[in-house]
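# Structural overview
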Amino acid sequence: MNTENLITTAKALVADDKGLLAMDESNPTCNKRFAKLNIPQTVEARRAYRELIVTAPGLGESISGVILYDETIRQQKLDGTTFLKVLTKAGIIPGIKVDTGAKDLAAHPGEKITEGLDGLRVRLKEYFQMGARFAKWRAVIAISEGIPSRSCIEANAHALARYAALCQEAGLVPIVEPEVLMDGDHTLERCRVVTEEVLRNVFIQLNCQRVLLEGMILKPNMVLPGLSSPPHQEVKEVGVGEQQYQVRLSDRQPDEERDIDEVADITVKSLWRTVPAAVPGIAFLSGGQSAELASARLNLMNLRFKLQLPWALSFSFARAIQQPALEIWCGQEANIKAAQQALLHRAECNRSARRGEYTAAMEMT
Ligand code: 13P
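Residues numbered from 1 in each chain as written. Predicted model: local features only at pLDDT ≥ 70, side-chain atom pairs only at ≥ 80, totals over all residues. Heavy atoms only, no water.

### Some words on the site of the ligand
The condition is simple: One heavy atom suffices: a residue is near a molecule or strand as soon as one of its heavy atoms comes within 4 Å of it. Side-chain atoms alone can form a polar contact between residues adjacent in sequence; in general such a contact is a pair of N or O atoms within 3.5 Å, and within protein one must be able to donate a hydrogen while the other accepts it. Method for areas: the Shrake-Rupley scheme with a 1.4 Å probe, in which residue coverage is limited to the protein chains shown. Only DSSP runs of H or I with at least four residues qualify as helices, and only runs of E with at least two residues qualify as strands; both kinds are numbered from the N terminus onward. Just so you know the grouping, Ala, Val, Leu, Ile, Met, Phe, Trp, Tyr, Cys and Pro go in nonpolar, Asp, Glu, Lys and Arg go in charged, and all remaining residues, Gly too, go in polar.
If you check the shell around the ligand, you find 13 residues, and the closest are Lys136, Lys219, Ser286, Gly287 and Arg319. Residue Gly287 places a main-chain N or O atom 2.6 Å away from an oxygen atom belonging to the ligand. Burial of the ligand by the protein chains amounts to 93% of its free accessible area of 300 Å². Mapped onto the shell around the ligand, the elements with two or more residues apiece are β6 (134-141) and β12 (312-317). Residue composition of the shell around the ligand, grouped by class: four nonpolar, three polar and six charged.

### Focus on the pairing of strand β3 (residues 93-97)
Applied cut-off: Burial classes follow relative accessibility: with a 1.4 Å probe on protein chains only, a residue under 20% of its type's maximum area counts as buried, one over 50% as exposed, and anything between as partly exposed. Pairing between two strands requires that DSSP report at least two bridges joining them.
A large share of β3 lies buried, amounting to five of its five residues. Across the two faces of β3 the burial is the same, with Ile93, Gly95 and Lys97 and Pro94 and Ile96 all buried. The pairing of strand β2 (residues 63-68) with β3 spans four bridges and is classified as parallel. Looking across to β3, one finds that Ile67 is bridged to Gly95. Both β3 and β6 contribute to a ladder of three bridges, which runs parallel. In the sheet register, Gly95 faces β6, and the bridge partner there is Phe134.

### With respect to the confidence of the model for the protein
Filter applied, for reference: As a per-residue measure, pLDDT tells how confident the predictor is, with possible values from 0 to 100. Residue contacts are counted whenever heavy atoms from the two residues lie within 4.5 Å of one another.
Averaged over every residue, the pLDDT of the protein is 93; the share at 70 or more is 93%. For the protein, the element scoring lowest by mean pLDDT is strand β10 (residues 243-247), at 36; strand β8 (residues 217-218) scores highest, at 99. Taken as a whole, residues 233-253 scores under 50 in pLDDT and shows 36 contacts with residues more than four places along the chain or in a different chain.

### Description of helix α1 (residues 3-13)
Heads up, the condition is: What the arc measures is the spread of directions leading from the helix axis to the C-beta atoms.
Burial in α1 covers these residues: Leu6, Thr9, Ala10 and Leu13. Along the long axis of α1, the arc covered by the buried residues comes to 100 degrees, so they all point the same way. Away from the buried face of α1 by more than 90 degrees, exposed residues Glu4 and Lys11 are located.

### Here we look at the environment of Tyr49
With respect to the helices, strands and loops of the structure, Tyr49 is situated in helix α3 (residues 43-54). On the basis of relative accessibility, which here comes to 2%, the residue Tyr49 falls in the buried class. Apart from residues no more than four positions distant in its own chain, Tyr49 is found in contact with Phe34, Gln322, Leu326 and Trp329.

### Some points on the sheet that holds strand β11 (residues 281-284)
In plain terms, the rule: All axes here are fitted lines through C-alpha atoms, helices being fitted over the stretch that makes contact, and every angle between N-to-C directions spans 0 to 180 degrees.
Taken in spatial order, the eight strands of this closed barrel run β1-β2-β3-β6-β7-β8-β11-β12, and their pairing is parallel. Packed onto the sheet, helix α10 (residues 291-305) meets β11 and β12 and runs at close to 170 degrees relative to β12.

### Here's the deal with the pairing of β12
The element β12 is extensively covered by neighbouring structure, given that six of its six residues are classed as buried. Alternating positions in β12 separate into two faces, Ala312, Ser314 and Ser316 on one and Leu313, Phe315 and Phe317 on the other, with burial throughout. Pairing of strand β1 (residues 19-22) with β12 involves two bridges; the strand directions are parallel. Along β12, the bridge assignment pairs Leu21 with Phe317. Relative to β12, β11 is paired through four bridges, and the arrangement is parallel. Bridging across to β12, Phe284 finds its partner in Phe315.

### Structural notes on the pattern of salt bridges
Here is the rule we go by: For this document, the term salt bridge refers to a Lys or Arg side-chain nitrogen within 4 Å of an Asp or Glu carboxyl oxygen.
Per the stated rule, a full pass over the model turns up 27 salt bridges. Arg33 is the partner of Glu25 in a salt bridge, and the nearest nitrogen-oxygen pair spans 3.9 Å. Using a relative accessible area of 8% as the deciding quantity, one classes Glu25 as buried. Salt-bridge contacts for Arg346 lead to Glu363; the nearest nitrogen and oxygen are separated by 2.8 Å. Placement of Arg346 in helix α12 (residues 336-355) and of Glu363 in the segment after α12 is noted, with a sequence separation of 17 residues between them. For Arg346, a relative accessible area of 2% corresponds to the buried category. By sharing partners, the salt bridges in this structure join Glu189, Arg192, Glu196, Arg200 and Arg273 into a single network.

### Describing the packing of aromatic side chains
Geometrically, a pair of aromatic rings is defined through the distance of the ring centres and the angle of the planes. Heads up, the rule is: Within 6.5 Å between ring centres, the rings of Phe, Tyr and Trp (the latter by its six-membered ring) count as paired, and their orientation is classed by plane angle as stacked under 30 degrees, edge-to-face over 60, tilted in between.
Enumeration over the complete set of coordinates arrives at five aromatic pairs. Aromatic pair Phe34 and Tyr49: ring centres 5.7 Å apart, planes at 80 degrees, arrangement edge-to-face. Here Phe34 is found in helix α2 (residues 27-36), whereas its partner Tyr49 is found in helix α3, with 15 residues between them in sequence. Relative to Trp329, the ring of Tyr49 has its centre 5.3 Å away and its plane inclined at 25 degrees; by these criteria the two rings are stacked.

### A short note on the environment of Arg351
Considering the arrangement of structural elements, one finds Arg351 in helix α12. With relative accessibility at 19%, the residue Arg351 sits in the buried group. Sequence separation of Arg351 and Phe315 is 36 residues, and the distance between their C-alpha atoms is 8.6 Å. In contact with Arg351, other than residues within four places in its own chain, are Asp16, Asp17, Lys18, Glu61, Ser62 and Phe315.

Okay, structure coming up:
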């Protein structure tokens, strides 16, 4: 294992306030998103869409690394230049999704286990030779009555750790993604408890499998209330480190402001409790949040806590960067420029959020 290279790559992925762009949707997921916009679900449409993304002028100013999918890493621009070459030329580090998807966990209705360990060593070697320098594996944890079970958390944490060790052996920085899903009517507090339990288990397993923490990136969910949870009513005091913030109904903040406040505080508090300082960076997934909310929440975390945190707080968004661009493009060549502008705008907003300099006014420009 070349420890030095792993550490250098991991640091580069979170350097200069840049973040990651996930464009590694599997074909079924990509097709689902295309179908909603009446875009043909073909190899060529997927290729054209990914060409739009990787050729967006100046993408490398806000994006340090791009996560590709097996189909995409082998694709080319219409002129024959490989996407890998385009990205490398733009100073963007290519990464690759290597799990083969979340499948039903036997004997655990409603729970999933991510597969893909069989033959992984060989696949990682090939991806490294192609030019990839980091990889991603997503585990999925659902919240519901009696869920998640201990066995689901432990099985997924174990698989993440085995994947991460294999990545480092192959010279690839593992992005370790345990996603606690937003679906459901659970409270913010329940998401906090589950997220902390999952992260604790993940780091126990990573240590067990001898994963070099300095040579990995954690990709967690933000701590959020369930999508169908009732509006928040409580008066709460939340504290992080030595700082205390009161969140009161009498503050008369609009719901959204109050929500951004709480999510930022509780997310940082949970990470503080569970993520070792040796990890160089934490890059959030967006998980179905609106693009603006994802930026606002990341911004507030950095604005309030950046100077006190041992790790960089960054982004590794798919939907929260791509969705506006996809909706503008809609499969039409005439819309490519406007779609690229929308993509770059979201990437820039998130780079500003890493500095704590994102404002709502940026959305008006
Ligand atoms: P979202 O930002 O859309 O959640 O996707 C991130 C990701 O890469 C999921 O694995």
